Amino acid sequence: MTALPAELRAAIVSSGYFPEFVATTVAQAIGDEEVVDALVHHEATFNATELHRHVTVLVLTPTRFIAAHTDDGEHPNVQQALTTVETVALRHIRSVALTQVAANPERFGRGRHGTTETWLVVNWGAMRRQEVEPATCGDPNCDADHGWTVQDVADDLTVRISAAADGEAAVADLIRFGARLQRVAV
């Protein structure tokens, strides 16, 4: 196992979420391969009484896509963090979708009116989910039973970054990483 590139290590440390643990698990997965590109995204969510933290580290090597997720563990007496690292051979990636949102698209590219939000969705066939909901006819006064609609969605990984929550630089980083992954994986 070699040391992480300085820029990747700095991004992990900057996330502030158990950086030594995260860096070690990511370095184990990378091994002695070269890091072509990487992205670190820290996300904090709140419910009524608790803060939940999650950090995602995405790494692109010449042969693999590595996705590491670290979350808070649940143990009543001990603080825990759980990391899962998944590696996928680039040849097994089925699709890479990069969605970009532009506010005021008529002014796109002039001044600070660029991409305000972006999603990266990567599919390699490991996960599928089905969303089931009541079907409707569109008439707000209709109370008839229209059955159900089902969507079968394949999305092994989704990362969403917005300028409002994460900053414009983070949005640009996800676009850079996603575009590079699109070029090499499919």
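What you see is a predicted model; the values in this text were computed from it and never measured. (Residues numbered from 1 in each chain as written. Predicted model: local features only at pLDDT ≥ 70, side-chain atom pairs only at ≥ 80, totals over all residues. Heavy atoms only, no water.)

**Student:** Describe the overall build of the chain, with residues and values.
**Tutor:** Along the chain, the regular secondary structure elements total 4 helices and 9 strands. Put simply, the chain runs from its N terminus to its C terminus through helices and strands in the order α-α-β-β-β-β-β-β-β-β-β-α-α. For the chain, the spread of C-alpha atoms along the three principal axes comes to 65 × 50 × 35 Å. Here the chain holds 186 residues, and 32% of them are scored as buried. Looking at the chain alone, contacts between residues at least 24 apart form 57% of all its contacts between residues at least 6 apart. Carbon and sulfur atoms make up 50% of the accessible area of the chain, which amounts to about 11,200 Å² in all. Each charge class in the chain can be summarised by its mean position, and for the 14 positive and 25 negative side chains these summaries are 9 Å apart. (Helix = DSSP H or I, 4+ residues; strand = E, 2+ residues; numbered from the N terminus. Buried < 20%, exposed > 50% of the residue type's maximum accessible area, 1.4 Å probe, protein only. Contact = heavy atoms within 4.5 Å. Areas by Shrake-Rupley, 256 points an atom, 1.4 Å probe, with all protein chains shown as cover. Lys, Arg positive; Asp, Glu negative; His and termini not counted. Charge placed at Lys NZ, Arg CZ, Asp CG, Glu CD.)

**Student:** Can you tell me about the environment of Arg94, naming the residues and giving the values?
**Tutor:** Along the chain, Arg94 falls in the loop between β4 (81–89) and β5 (95–102). Spatially, the C-alpha atom of Arg94 lies 31 Å from that of Ala10, the residues being 84 residues apart in sequence.

**Student:** Any chance you could break down the nonpolar core for me, citing the residues and the numbers?
**Tutor:** Leu58, Phe65, Ile93, Leu120, Val122, Phe177 and Leu181 are the most contacted members of the largest nonpolar core, which totals 23 residues. At the level of elements, β2 (51–60), β3 (64–72), β5, β6 (115–123), β9 (157–162) and α4 (168–185) are the ones that each hand at least two residues to this core. Ranked by residues supplied to this core, first place goes to α4 with 7 residues. When near neighbours in sequence (up to four residues on either side) are disregarded, Leu181 contacts Leu60, Phe65, Leu90, Ile93, Val96 and Val122. Grouped together as the second largest cluster of nonpolar side chains are 16 residues, Leu8, Val22, Ala23 and Ala68 included. (Core = buried A, V, L, I, M, F, W, Y, C linked by side-chain atoms within 4.5 Å.)

**Student:** Outline the side chain of Thr118, listing residues and values.
**Tutor:** Position of Thr118 relative to the elements: it lies in strand β6. The exposure class of Thr118 is buried, given its relative accessible area of 0%. A polar contact is formed between the side chain of Thr118 and the backbone oxygen of Thr99, at a distance of 2.6 Å. For Thr118, the residues in contact, after removing those within four places along its chain, are Leu98, Thr99, Gln100, Val159, Arg160, Ile161, Val171, Leu174 and Ile175. (Polar contact = N/O pair within 3.5 Å; in protein donor to acceptor, adjacent residues only side chain to side chain.)

**Student:** Break down the pairing of β6 for me, citing the residues and quoting the values.
**Tutor:** Inspection of the sheet shows β5 paired to β6 by 8 bridges, in the antiparallel sense. What sits directly across from Gln100, in β6, is Thr118. As paired elements, β6 and β9 share 6 bridges and run antiparallel to each other. Bridge assignment links Thr118 to a residue of β9, and that residue is Ile161. (Pairing = 2+ DSSP bridges.)

**Student:** How would you explain helix α1 (residues 6–15) if you had to name every residue and give the values?
**Tutor:** Buried within α1 are the following residues: Leu8, Ile12 and Ser15. Projection of α1 onto a plane perpendicular to its axis shows the buried side chains occupying an angular sector of 60 degrees, all on one side. More than 90 degrees from the buried face of α1, the exposed residues found are Ala6, Glu7 and Ser14. In this structure, the buried residues of α1 make contact with α2 (19–30), β1 (37–46) and β2. Remark: Gly16 follows α1 within two positions and exhibits a positive phi of approximately 75 degrees. (Arc of directions from axis to C-beta.)

**Student:** Help me get a handle on the layout of surface pockets, residues and values and all.
**Tutor:** Put simply, the largest pocket is a space of about 390 Å³. Mapped by element, the contributors of at least two residues to the lining of the largest pocket are α1, β1, α3 (163–166) and α4. Per-element accounting of the lining of the largest pocket gives the leading share, 6 residues, to β1. For the lining of the largest pocket, the residue count by class is 11 nonpolar, 2 polar and 5 charged. (1 Å grid on protein atoms, 1.4 Å probe; cavity = no way out; pocket = protein on both sides within 12 Å on 5 of 7 lines; lining within 4 Å. Points joined across faces, edges and corners; volume = space filled by probe spheres on them. Nonpolar A, V, L, I, M, F, W, Y, C, P; charged D, E, K, R; others polar.)

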